[in-house]
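Observations on the model geometry
Each chain, written out:
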Amino acid sequence: MKDAARVRVTRDVLLDEAFVTRLYAQLPAGAHLRTAGELEASIDSMLAGHAEGEAVHVFAYGSLMWNPAFDHAGTRPATVHGWHRSFCLRSIIGRGSPEQPGLMLALDRGGACHGVLLCIEAQKARDELRVLWRREMMTGIYDARWVKARAGGMAVRAITFTANRAHTRYVRGLAVEEMARMINCGAGALGSSREYFDSVLDHLAALGVRDAGMERLRVAAGRR
């Protein structure tokens, strides 16, 4: 893929069938990709209990904080309890390769996570969720779920993406040194795991958030 490491995830890229085909062609043989129909059914299920005419909120804790790639009407800081930010997904295409896998974030059970809420206007919700689902839900590595986020003293129902612990690329129990090594070495079609890691730290700092898990990894990986 020409200039693969410089590809930036945008709305147009996510809707580009040729790019998506090339990107996911790097997955191991037998890996399941959701069809357009399966993605649509997943969105239907997600919105089944959502009041028609109301905005949809998305809780972002990783790259969605700085590059959501879907149309939204603004952001605000928020916290979700019962879930924490974790580098628990092995990346073998976007920011890693089968030879040099990286690590990517998901929400995993326990603790709390500080991030941001993105608001999608009601009339745009389905179209923008289609873009988001093509980004996050193609391989089944994430589970989309509703969570309660606290923002400005208010409880807001929001969609977020948690780790699918049954997926073959879910990892747990890695030593912090091994996690740091994978973050420093992984690179793929969308850039490097290290670029991603540093961007997360930068955006947490901008929010005034100090994430203990991220700080342990920062020390082990060495801040550049």
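Predicted, not measured: the structure shown is a model, and the values here were computed from it.

**Some details on the overall build of the protein chain**
When helices and strands are tallied, the protein chain shows 7 helices and 7 strands. Starting at the N terminus and ending at the C terminus, the protein chain contains elements arranged as α-α-α-β-β-β-α-β-β-α-β-β-α-α. Against the globule reference of 17 Å for 224 residues, the protein chain gives a C-alpha radius of gyration of 17 Å, in line with a compact fold. The principal-axis extent of the C-alpha atoms belonging to the protein chain is close to 45 × 40 × 30 Å. A burial count over the protein chain gives 51% of its 224 residues as buried. Put simply, 75% of the contacts in the protein chain that link residues at least 6 apart link residues at least 24 apart. Total accessible area computed for the protein chain in this model is approximately 10,700 Å², and 50% of it derives from carbon and sulfur atoms. Mean positive and mean negative side-chain charge positions of the protein chain (30 and 24 charges, respectively) differ by 5 Å.

**As for unusual backbone geometry**
A positive phi is found at Ala 69, a non-glycine position, where the angle reads about 65 degrees. Residue position: Ala 69 is located in the loop between strand S1 (56-60) and strand S2 (75-91).

**Quick look at helix H6 (residues 193-207)**
The terminal C-alpha atoms of H6 lie 21 Å apart, and with 15 residues this matches the ideal 21 Å at 1.5 Å per residue to within 8%. Elements that come into contact with the buried residues of H6 comprise S2, strand S3 (102-120), helix H5 (176-185), strand S7 (191-192) and helix H7 (212-221). Of the residues one or two after H6, Gly 208 is the one with positive phi, at around 75 degrees.

**What about the packing of aromatic side chains?**
Summed over all chains, the structure comprises 5 aromatic pairs. One aromatic cluster is present, formed by Trp 66, Phe 87, Tyr 196 and Phe 197 through successive ring pairs.

**What to know about the nonpolar core**
Of all hydrophobic cores here, the largest spans 73 residues; its most connected members are Phe 59, Tyr 61, Phe 87, Leu 89, Trp 133 and Phe 161. Ranked by residue count, the leading element in this core is S3, at 10 residues. Excluding residues that lie within four positions of it along the chain, Phe 161 makes contacts with Tyr 61, Leu 64, Ala 106, Leu 107, Leu 132, Trp 133, Glu 136, Met 137, Tyr 142, Asp 143 and Ala 144.

**Side note on the pattern of salt bridges**
Evaluation of the coordinates by the stated rule reveals 14 salt bridges. The residue Arg 135 makes a salt bridge to Glu 136 at a minimum N-O spacing of 3.2 Å. Residue Arg 135 shares its accessibility class with Glu 136, and that shared class is buried. Linking Asp 198 and Arg 194 is a salt bridge whose minimum nitrogen-to-oxygen distance equals 3.2 Å. In this pair, Asp 198 and Arg 194 are both assigned in helix H6, 4 residues apart and thus about one turn of the helix distant. Accessibility assignment for this pair places Asp 198 and Arg 194 in one class, buried. Counted as one network, the salt bridges with shared partners bring together Glu 40, Asp 44, Arg 126, Asp 127 and Arg 130.

**A short note on H5**
Those residues of H5 not exposed but buried are Met 179, Ala 180, Met 182 and Ile 183. In a view along the axis of H5, the buried residues occupy a sector of 165 degrees, so they form one face of it. Where the residues of H5 are buried, they touch S2, S3, H6 and H7.

**Section: the packing of H6 against H7**
It is at 11 Å that the axes of H6 and H7 come closest, and there the two elements cross at 130 degrees. Our classification of the angle between H6 and H7 gives oblique. Seen along the crossing, H6 lies across H7 with a hand that is left-handed. Two secondary-structure elements touch here, H6 through Arg 194, Phe 197, Val 200, Leu 201 and Leu 204 and H7 through Met 214, Glu 215, Leu 217, Arg 218 and Ala 221.

What counts and how
Residues numbered from 1 in each chain as written. Predicted model: local features only at pLDDT ≥ 70, side-chain atom pairs only at ≥ 80, totals over all residues. Heavy atoms only, no water. Helix = DSSP H or I, 4+ residues; strand = E, 2+ residues; numbered from the N terminus. Rg over C-alpha atoms; globule rule 2.2 N^0.38 Å. Buried < 20%, exposed > 50% of the residue type's maximum accessible area, 1.4 Å probe, protein only. Contact = heavy atoms within 4.5 Å. Areas by Shrake-Rupley, 256 points an atom, 1.4 Å probe, with all protein chains shown as cover. Lys, Arg positive; Asp, Glu negative; His and termini not counted. Charge placed at Lys NZ, Arg CZ, Asp CG, Glu CD. Expected span 1.5 Å × (residues − 1). Phe/Tyr/Trp six-rings, centres within 6.5 Å; stacked < 30°, edge-to-face > 60°. Core = buried A, V, L, I, M, F, W, Y, C linked by side-chain atoms within 4.5 Å. Salt bridge = Lys/Arg side-chain N within 4 Å of Asp/Glu carboxyl O. Arc of directions from axis to C-beta. Axes fitted to C-alpha atoms, helices over the stretch in contact; angles between N-to-C directions. Parallel < 35°, antiparallel > 145°, perpendicular 65-115°, else oblique. Left-handed = near helix turned anticlockwise from the far one by under 90°.

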